[in-house]
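Descriptive structure summary
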Protein chains: 2
Amino acid sequence: MHGALMAEEMAQQPDVIANLVERRDEISERVDRVLPPDIAGIVLVARGSSDHAAIYGRYVLQMAARRIVALEAPSLHTLYGVRSRCDGFLAIAVSQSGRTPEIGTVLQRLQQGGARTMAVTNDAASPLGEAADEVVELRAGIENAVPATKTFTAQLAALALIAEAVGDVPWQPNAWSSVPKLMQGVLDDPAPARAAGDVLQEAHGLITVGRGFMFSVALEAALKLKETSHLLAEGYSSADLRHGPVAVIERAFPVLAFTVSGRAAADMVDLVEWLRARRGAYVITIGEGDVDVPIPAGAPEPLAPLVASVRAQQIAREAALRRDLDPDFPEGLTKVTPTT
Amino acid sequence: MHGALMAEEMAQQPDVIANLVERRDEISERVDRVLPPDIAGIVLVARGSSDHAAIYGRYVLQMAARRIVALEAPSLHTLYGVRSRCDGFLAIAVSQSGRTPEIGTVLQRLQQGGARTMAVTNDAASPLGEAADEVVELRAGIENAVPATKTFTAQLAALALIAEAVGDVPWQPNAWSSVPKLMQGVLDDPAPARAAGDVLQEAHGLITVGRGFMFSVALEAALKLKETSHLLAEGYSSADLRHGPVAVIERAFPVLAFTVSGRAAADMVDLVEWLRARRGAYVITIGEGDVDVPIPAGAPEPLAPLVASVRAQQIAREAALRRDLDPDFPEGLTKVTPTT
């Protein structure tokens, strides 16, 4: 059956996240061992879905470390051989397989420049895992569907747990206990995602939008829709969308808007109203409360992306099925992308 | 006439760049005054087109400073009030008008955290210019068309000149002398851009792609096409495109590929061949040598984005005219975007 693997792996997410949270002490010890004593900054290295997890990681890590967090451009190292001094930096590489050559190369270059290094990966025995000073293994289990689902949410959780070990974070430790249940709530209620998938059946393209913590989910939703449904979907923060790209939104143009509660909510509500009233957009809202595709309320804003990501995966999978495509095996894609 | 303002401002670019290069000593003195003695890193702050210039700036500045260069997420400051310690960092804000409130807010927060600050803007008397320790004024003149053209290339040049003052760069100082002439060569030869515009007349969407230094131009080309032609255009690095998004490229799907010479060339040539042979994409190549839309050869790879950007502007303007739109005033957009 088309999409069976993706559905199976999506269904494992509450357990994968619960298991990671149970390993909080182990993760904290690994962070303690690798964290530079007077940390100058943090630099993240990733591509694809993992890069979207890194964008989330940037928020939680900058809040916790109270230091600048950078996302490294791999080609600076792999094409141009830049040598950067990065004493006092913690470099964190995020890679599902640990086998994308360029990610390993960049982490090693940063290590040579003086950074302490950590890998967040599903496979501690991978070249990336072997190269890093410390590894946070996701233990999400083998992922057979090409679109990353459980490894993506596991990466978000791992980065949030790393942030907890780095410093103060804007959520209570016990907030985690509800997260697997909220994710399960989404899995048990697929009807709203199906309705959204129906809307996208005939679409030529769409824009996804979120802000703050939810920006990473908007990016990941767009990537999942591209991979599974071959829909040109571009993810934006609400602020960047206003800086020009909004010009493409004409009457009935579909927009997926992540309008979760919290500090980013007001800006998102404003944007959605404006897109509907002034541009005639077909906005599908995803969030807590009175929206088109609800997610169960209860997660603090910084952890809500874990729950919203499951909704995004569901919508992408449903849209692919409506478009008569197999979301498990998008044509021309492979699980490990050998970019250098 | 539709597009007259944009054409007029595009035509000013060779002079704007030549004037900036003539101010090299002034820019160098400003950098000397603001550069922290033992620099820990650099952080860039921008939105929209200016953010694409900042992505270019990240490459040239990281090469010159041999330190990590970050692009700051504004919402960390404006929504979440993060307090980051950034002693030893140079923070550079890039903003055409200097009047986008969030950019000024973020620069001030970084200043409060210990960073030295610099603004790259068209208006030193703007709130952003007033707030920064030093200003590199672009002096591009008033820009009346909504899509940024001359301010964008002026931002690229300013960031490259700042990089020269920061440290060793991978081009010779006299390489600049040819850049205005190469830009003029593009302006004097609009026919290839018109042909590309014809191809995009009926398109539903497209992907733009570049790598390394040229990644910023791919992003800017996509934004210009969205603003002027209401085409859903998404910009990618060739590496990121392979990580999933390539799934949207089906038979005859248009791709604008920036295949300039240099270290990024081999990867781009591989990608273009693969897109044509395996996906049946309609690839329009832009670069030096045997391509669909040529740019005159002669700029070193790190400065070629200035020349390629003019081609991208031309294509966006021509596509808009073919689509019966006025590229000067995209509906619903304003020159200063008041995001907070």
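Structure: above.
Below is a short write-up of the structure. Keep in mind that what you see is a predicted model, and the values were worked out from it rather than measured.

Below, the discussion takes up the overall build of chain A. Helix and strand counts for chain A come out as 14 helices and 10 strands. Taken against the 2.2 N^0.38 rule, which gives 20 Å for 340 residues, the C-alpha radius of gyration of chain A at 19 Å falls within 12% of a compact globule. C-alpha atoms of chain A, sized along the principal axes, occupy 50 × 40 × 40 Å. Taken over 340 residues, chain A has a buried fraction of 67%. Sequence-distant contacts in chain A: of pairs separated by 6 or more residues, those separated by 24 or more amount to 78%. Surface summary for chain A: the accessible area is close to 10,900 Å², and the carbon and sulfur share equals 47%. Computed over 31 positive and 42 negative side-chain charges, the inter-centroid distance for chain A is 4 Å.

Let us look at the relation of the copies chain A and chain B. Overlay of chain A on chain B (RMSD 0.0 Å): rotation 180°, translation along the axis 0.0 Å. What the superposition gives is, in effect, a two-fold axis relating one chain to the other. Proximity to the rotation axis, assessed at the C-alpha, singles out A70 of chain A in chain A; its C-alpha lies 2.2 Å from the axis. Comparing contact sets, 100% of the residues at the interface of chain A also lie at the interface in chain B, consistent with an isologous, same-surface contact.

Here we come to the interface of chain A and chain B. In this complex, chain A contributes 71 residues to the contact, which on the side of chain B involves 71 residues. A combined buried area of about 6,000 Å² lies between chain A and chain B, and 57% of that area is made up of carbon and sulfur atoms. If you look at where chain A meets chain B, you find 8 salt bridges. For the pair chain A and chain B, the number of links is 28 residue pairs in polar contact (both at pLDDT 80 or more). Its residues assigned to classes, the side of chain A that touches chain B comprises 33 nonpolar, 18 polar and 20 charged.

Here the focus is helix α8 (residues 150-166) of chain A. The terminal C-alpha atoms of α8 of chain A, which comprises 17 residues, lie 24 Å apart, in line with the 24 Å expected from a rise of 1.5 Å per residue. Within α8 of chain A, 17 of the 17 residues are buried, which leaves the element mostly enclosed by the surrounding structure.

Now for the pattern of salt bridges. Pairing is possible between side chains that carry opposite charge, provided their charged atoms lie close to one another. Following the criterion strictly, the structure yields 48 salt bridges over all chains and no others. Two residues, E318 of chain B and R322 of chain B, come together in a salt bridge whose shortest N-O distance is 3.3 Å. Here R322 of chain B and E318 of chain B lie together in helix α14 (residues 304-322), a separation of 4 residues that amounts to about one turn. Residue E318 of chain B is classed as buried on the basis of its relative accessible area, which comes to 6%. A cluster of three or more residues bridged by salt bridges with shared partners is formed by R47 and E102 of chain A together with R211, D240, R242 and D267 of chain B.

Take the packing of helix α4 (residues 49-65) of chain B against helix α8 (residues 150-166) of chain B next. All names here are of chain B. Between α4 and α8, the shortest axis-to-axis distance is 9 Å and the interhelical angle comes to 15°. As the angle between them shows, α4 and α8 are arranged roughly parallel. Judged by the twist between their axes, the crossing of α4 over α8 is right-handed. Mapping the contact onto sequence places S49, S50, H52, A53, A54, Y56, G57, V60, L61, A64 and A65 in α4 and F152, Q155, L156, L159, A160, I162, A163 and V166 in α8. Looking at the contact of α4 with α8 residue by residue, the classes come out as 14 nonpolar, 5 polar and no charged.

Cut-off values and rules
Residue numbers run consecutively from 1 along every chain, following the written order of its sequence. As a convention, the first chain written is A and the first ligand written is 1, with the rest following in written order. Confidence filtering applies because this is a predicted model: local features only for residues at pLDDT of at least 70, side-chain atom pairs given and counted only at 80 or more, and all residues used for totals across whole chains, interfaces and linings. Note that water and hydrogens are dropped before the side-chain values are worked out from all heavy atoms of the structure. Counting from the N terminus, the helices are DSSP H or I runs at least four residues long and the strands are E runs at least two residues long. Throughout, the radius of gyration refers to the C-alpha atoms, and the reference size of a globule is 2.2 Å times the residue count to the power 0.38. Only protein chains enter the calculation, and the probe is 1.4 Å; a residue is then buried if its accessible area is under 20% of its type maximum, exposed if over 50%, and partly exposed in between. The contact definition used throughout considers only heavy atoms, calling two residues in contact when any of these lie within 4.5 Å. Reported accessibility uses the Shrake-Rupley method at a 1.4 Å probe radius. Residues are deemed covered only where the shown protein chains occlude them. Note on charges: Lys and Arg go in the positive column, Asp and Glu in the negative column, and His and the chain ends are not counted at all. Taken as the charge location is NZ of Lys, CZ of Arg, CG of Asp or CD of Glu. To line up the copies, we fit them by least squares on C-alpha atoms, keeping just the residues with pLDDT of at least 70 in both. Computed with a 1.4 Å rolling probe, the buried area is the accessible surface lost when two parts are put together, summed over both parts. A pair is scored as a salt bridge if a Lys or Arg side-chain nitrogen falls within 4 Å of a carboxyl oxygen belonging to Asp or Glu. For this analysis, a polar contact is any N or O atom pair within 3.5 Å, provided that within protein one partner can donate a hydrogen and the other can accept it, and provided that sequence-adjacent residues contribute only side-chain to side-chain pairs. As a working rule, the residues Ala, Val, Leu, Ile, Met, Phe, Trp, Tyr, Cys and Pro are called nonpolar, Asp, Glu, Lys and Arg charged, and the rest polar, with Gly in that last group. Expected helix span is taken as 1.5 Å per residue step, with the number of steps being one fewer than the number of residues. Under this scheme, a helix contributes an axis fitted over its contacting stretch, all axes are lines through C-alpha atoms, and angles between N-to-C directions fall in the 0 to 180 degree range. An angle below 35 degrees is read as roughly parallel, one above 145 as roughly antiparallel, one from 65 to 115 as roughly perpendicular, and any other as oblique. Crossings are classed by handedness, with left-handed meaning an anticlockwise turn of the near helix from the far one by less than a right angle and right-handed meaning a clockwise turn.

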